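So the chains spell out like this:
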Amino acid sequence: MASSESLLPVSSQQDPLSGSRCDSIPESRRRRPIKVHLAIYSGFLLIALYVTLVITHGGSAPKNDVNDDTTVESRARLAGVSEKSNDHIWNLSNDLKGEAFAWNNTVLSWQRTAFHFQPEKNWMNDPNGPLFYKGWYHFFYQYNPNAAVWGDIVWGHAVSKDLIHWLYLPFAMVPDQWYDANGVWTGSATFLDDGSIVMLYTGSTDKFVQVQNLAYPEDPKDPLLLKWTKFSGNPVLVPPPGIGAKDFRDPTTAWKTSDGKWRIIIGSKINRTGISLIYDTTDFKTYEKHETLLHQVPNTGMWECVDFYPVSKTKDKGLDTSVNGPDVKHIIKASMDDTRIDHYAIGTYYDSNATWVPDNPSIDVGISTGLRYDYGKFYASKTFYDQHKGRRILWGWIGESDSEAADVQKDWSSVQGIPRTVALDTKTGKNLVQWPVKEIESLRLRSKKFHMKVEPGTVVPVDVGPTAQLDIEAEFKIKKEDLEVVFADDSVEDDKEFSCETSGGATVRGALGPFGFSVLADQSLSEQTQVYFYVTKGKDSKLKTFFCTDTSRSTMANDVVKPVYGSFVPVLKGEKLTMRILVDHSIIEGFGQGGRTCITSRVYPTKAIYGATRLFLFNNANDAAITASFKVWQMNSAFIHPFSADDLGVPSST
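Description of the structure in this document. Just so you know, these numbers come straight off a predicted model, no measurement behind them.

## Here we look at the overall build of the chain
Okay, step 1: Helix and strand counts for the chain stand at seven helices and 37 strands.
Okay, step 2: The buried share of the chain, reckoned over its 654 residues, is 59%.
Okay, step 3: Put simply, 66% of the contacts in the chain that link residues at least 6 apart link residues at least 24 apart.
Okay, step 4: A total of about 26,000 Å² of accessible surface is found on the chain, and carbon and sulfur atoms cover 53% of it.

Next up, the structure:
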């Protein structure tokens, strides 16, 4: 049985890793070399120059002054992690003509979300080590305390009683050792058999080598876990032979094997094959590497932020990470470094030989046609088992879709998605279902119900008052007679090749779609984001349904990435078409068919802000009328602020 006591520094106890790699490193290696100090100084100087440029040009850089990412590597790429900026995308966009949009503080201030987690300012990315401990949900995250761009990464820390209202706590870990001198990167928490916690995380060393490190709470009795101790024998793992120094990161939560050991996987690659390395341990200090891989998929590139967990085949309850058995499937998820897409696959885990086999190899992890958590802006996700309520919770980093210059001007970048429950779809058995945690409903204010019949080619305003913070639940039904006409009409061609991404968006009309909602729209619809279904006639005369979000007209600004997102969504016989939409200023989260297909998008209106935001229901189908029954709630703001003695129920000292 592993216990955290063996991890605590006790003066009378010999360090089990004394004489290890850490202690044999000369003192000079423990210090940051002069070159690193110069690099850091140069980095701050570049940021200062960049801010000056932003101010000089009214909040944006001219096209000719923006670095072309095709010739200059970004800060993140040079450090050995995935690309963090969008500039390389919109810089090549046909939408960018002349200077980028001149943002002002009025517009930028509106973009800040009201009930999604984000720091007070600066940059945030991956969720780290989420857990529930002694009455508090803990959320750690990659954070730059110095700027609204990636770099100087520490572990931010916040706590909540309900996953909605958050208190910012002091940083959990900072880069203060040679083995994490260039960043305290992504990691995961594991509860040991005695209820104590260990945290494994990736450190970027003073030589930019990715290594795995161990940390644990300084005071296990502290429900806030305010102070963390790094193990004196760090690093506990270094890149094995054949693995690149910058291709070894993001350890998972550990799970128990049948012989009582703990097992983790770490993301990597060999050439263009994405892989998950396997390690076993009994004490989280020394490890045995398996010669085999848990899984690998050719031509998928580097796997980062890997995750591995069980799901029940028969119930929608979450499972502890160590659960296995005949009624269990296992999920492998990897964040694709090349595409910034989170892919997952469902399969069977074999404990005896530490392998995992996908149910359907044609949609294996990382394959372009494979399953995704989210078909929009959603990356570096991480799940944890919430033992408090018996559910598995999914966190996902929602980056920006605007320019880095705009982020610097507004002084913040990125939010986290609303935490979602995740479970196997017991009706299909072929996909996961995700749904916003129940606690988000505590923010619902006044509501209105609607029942509308919408004819083809019709747009209907929905009068609900302010629409910047909404929760919408809707179901749609296509008129039966119209369906029969379409199926009987041979002139209506099969649309088996339909794709949300390449379809041209919500303005392209078909026999049975698109239809849905225009959110964050202005009165004239010059700005709008459309969340909708598109139903096609299959070769076998069966319906095939797609769930999409069109951001192409979401803003007049030109320095914004504005794609059409979406995918096929399973609809079973007898089911109505259902969707849920959460709107929170610059983020929209859509859930199709109970969360079988999810889409998160970032949008930056310039007109549809404050009191000018509107909501519309539309039907752009050519041949079918639809009936929509839906309810719209105004949403309150969450309390997300620095902690104080009063917040924590501690008597004030004054």
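## What to know about the sheet that holds strand β21 (residues 412–413)
Okay, step 1: Taking strand neighbours across the sheet as the criterion, the six strands line up as β21-β1-β2-β3-β4-β37 in an open arrangement whose pairing is mixed. Only two strands of the sheet have a single partner each, and these edge strands are β21 and β37 (640–642).
Okay, step 2: As paired strands, strand β4 (residues 166–173) and β37 are joined by three bridges and run parallel to one another. Residue Tyr168 lies in a different strand from β37, and its bridge partner there is Pro642.

## Examining the pattern of salt bridges
Okay, step 1: Following the criterion strictly, the structure yields 30 salt bridges and no others.
Okay, step 2: A salt bridge links Asp193 to Lys256; the shortest N-O distance between them is 2.8 Å. Highlighted residues: Asp193 in the loop between β5 (184–191) and β6 (197–204) and Lys256 in strand β9 (residues 255–256), separated in sequence by 63 residues.
Okay, step 3: On the basis of relative accessibility, which here comes to 21%, the residue Lys256 falls in the partly exposed class.
Okay, step 4: With its nearest N and O atoms 3.4 Å apart, the salt bridge here joins Lys261 to Glu288. Placement of Lys261 in the loop between β9 and β10 (262–270) and of Glu288 in strand β12 (residues 287–289) is noted, with a sequence separation of 27 residues between them.
Okay, step 5: For Glu288, a relative accessible area of 42% puts it in the partly exposed group.
Okay, step 6: Linked through salt bridges whose partners overlap, the residues forming this network are Lys438, Glu441, Arg444, Asp471, Glu473 and Arg580.

## Structural notes on the sheet that holds strand β25 (residues 444–454)
Okay, step 1: Taking strand neighbours across the sheet as the criterion, the six strands line up as β25-β36-β27-β32-β33-β34 in an open arrangement whose pairing is antiparallel. Only two strands of the sheet have a single neighbouring strand rather than two, namely β25 and β34 (597–602). Pairwise comparison of adjacent strand axes, ignoring direction, gives a mean angle of 15° for this sheet.
Okay, step 2: The sheet contact formed by strand β27 (residues 469–478) and strand β32 (residues 577–584) spans eight bridges and is antiparallel. Its bridge partner being in β32, Ile472 is matched across the sheet by Ile581.

## Things to note about the nonpolar core
Okay, step 1: Of all hydrophobic cores here, the largest spans 65 residues; its most connected members are Phe476, Phe517, Met579, Leu615, Leu617 and Phe630.
Okay, step 2: Those residues in contact with Leu615 that lie beyond four places of it in its chain are Val460, Pro461, Val462, Val464, Thr467, Leu470, Ile472, Phe517, Ser518, Val519 and Val632.
Okay, step 3: By size, the runner-up hydrophobic cluster in this structure holds 27 residues, among which are Met124, Val154, Ala158 and Phe591.

## Overview of the environment of Ser276
Okay, step 1: Examined against the element boundaries, Ser276 turns out to sit in strand β11 (residues 273–281).
Okay, step 2: What makes Ser276 buried here is its relative accessible area of 1%.
Okay, step 3: Put simply, Ser276 and Leu293 are 17 residues apart on the chain and 5.9 Å apart in space, counted from C-alpha to C-alpha.
Okay, step 4: Ignoring sequence-local partners within four residues, the contact set of Ser276 consists of Ile265, Ile266, Leu293, Leu294, His295 and Trp303.

## Observations concerning the pairing of β11
Side-chain positions along a regular strand alternate between the two faces of the sheet.
Okay, step 1: Of all nine residues in β11, nine are buried, a share of seventy percent or more.
Okay, step 2: Where burial is concerned, the two faces of β11 agree: the one with Thr273, Ile275, Leu277, Tyr279 and Thr281 and the one with Gly274, Ser276, Ile278 and Asp280 are both buried.
Okay, step 3: Two elements, β10 and β11, share nine bridges in a ladder whose sense is antiparallel. Paired with Ile270 across the bridge in β11 is Thr273.
Okay, step 4: Linkage of β10 to β11, two consecutive antiparallel strands, is achieved through a turn of two residues, within which Asn271 is found at a positive phi near 55°.
Okay, step 5: Direction of pairing for β11 relative to strand β13 (residues 295–297): antiparallel, over a ladder of three bridges. The residue bridging Ile275 from the neighbouring strand is Gln296, located in β13.
Okay, step 6: Pairing between β11 and β12: three bridges, direction antiparallel. When the sheet's bridge partners are listed, Thr281 is paired in β12 with Tyr287.
Okay, step 7: The loop that links β11 with its antiparallel partner β12 comprises five residues; one of these, Phe284, has a positive phi angle of about 70°.

## Comments concerning the environment of Arg614
Okay, step 1: Its place among the elements puts Arg614 in strand β35 (residues 614–619).
Okay, step 2: Spatially, the C-alpha atom of Arg614 lies 7.8 Å from that of Pro461, the residues being 153 residues apart in sequence.
Okay, step 3: Excluding residues within four positions of it along the chain, Arg614 makes contact with Thr467, Ser518, Val519, Leu520, Ala521, Asp522 and Gln523.
Okay, step 4: A polar atom in the side chain of Arg614 sits 3.0 Å from the side chain of Gln523.

## Some details on the packing of aromatic side chains
Okay, step 1: Under the counting rule described, the total for this entry stands at 41 aromatic pairs.
Okay, step 2: Feature note: the residues Phe117, Phe139, Tyr141, Tyr143, Trp166, Tyr168, Phe171 and Trp395 constitute an aromatic cluster, connected by ring pairs.
Okay, step 3: Sitting above the plane of the Trp412 ring, Arg112 keeps its charged end 5.8 Å from the centroid.
Okay, step 4: Taking the ring centre of Phe568 as reference, the NZ or CZ of Lys544 above it sits at 5.5 Å.

## Observations regarding unusual backbone geometry
Okay, step 1: The linkage connecting Asn234 with the following residue, Pro235, adopts the cis geometry, with an omega of 0°.
Okay, step 2: Examined against the element boundaries, Pro235 turns out to sit in the loop between β8 (228–230) and β9.
Okay, step 3: Gly513 connects to Pro514 through a cis peptide bond whose omega is 5°.
Okay, step 4: Along the chain, Pro514 falls in strand β28 (residues 512–521).
Okay, step 5: Although it is not a glycine, Lys134 adopts a positive phi angle of roughly 50°.
Okay, step 6: By the element assignment, Lys134 lies in the loop between β1 (122–133) and β2 (136–144).
Okay, step 7: Since its relative accessible area comes to 48%, Lys134 is described here as partly exposed.
Okay, step 8: Of note, Asp152 is a non-glycine position whose phi angle comes to about 55°, a positive value.
Okay, step 9: Considering the arrangement of structural elements, one finds Asp152 in the loop between β2 and β3 (154–160).

Rules used throughout
- Residues numbered from 1 in each chain as written.
- Predicted model: local features only at pLDDT ≥ 70, side-chain atom pairs only at ≥ 80, totals over all residues.
- Heavy atoms only, no water.
- Helix = DSSP H or I, 4+ residues; strand = E, 2+ residues; numbered from the N terminus.
- Buried < 20%, exposed > 50% of the residue type's maximum accessible area, 1.4 Å probe, protein only.
- Contact = heavy atoms within 4.5 Å.
- Areas by Shrake-Rupley, 256 points an atom, 1.4 Å probe, with all protein chains shown as cover.
- Pairing = 2+ DSSP bridges.
- Salt bridge = Lys/Arg side-chain N within 4 Å of Asp/Glu carboxyl O.
- Axes fitted to C-alpha atoms, helices over the stretch in contact; angles between N-to-C directions.
- Core = buried A, V, L, I, M, F, W, Y, C linked by side-chain atoms within 4.5 Å.
- Polar contact = N/O pair within 3.5 Å; in protein donor to acceptor, adjacent residues only side chain to side chain.
- Phe/Tyr/Trp six-rings, centres within 6.5 Å; stacked < 30°, edge-to-face > 60°.
- Lys NZ or Arg CZ within 6 Å of the ring centre and 35° of its normal.

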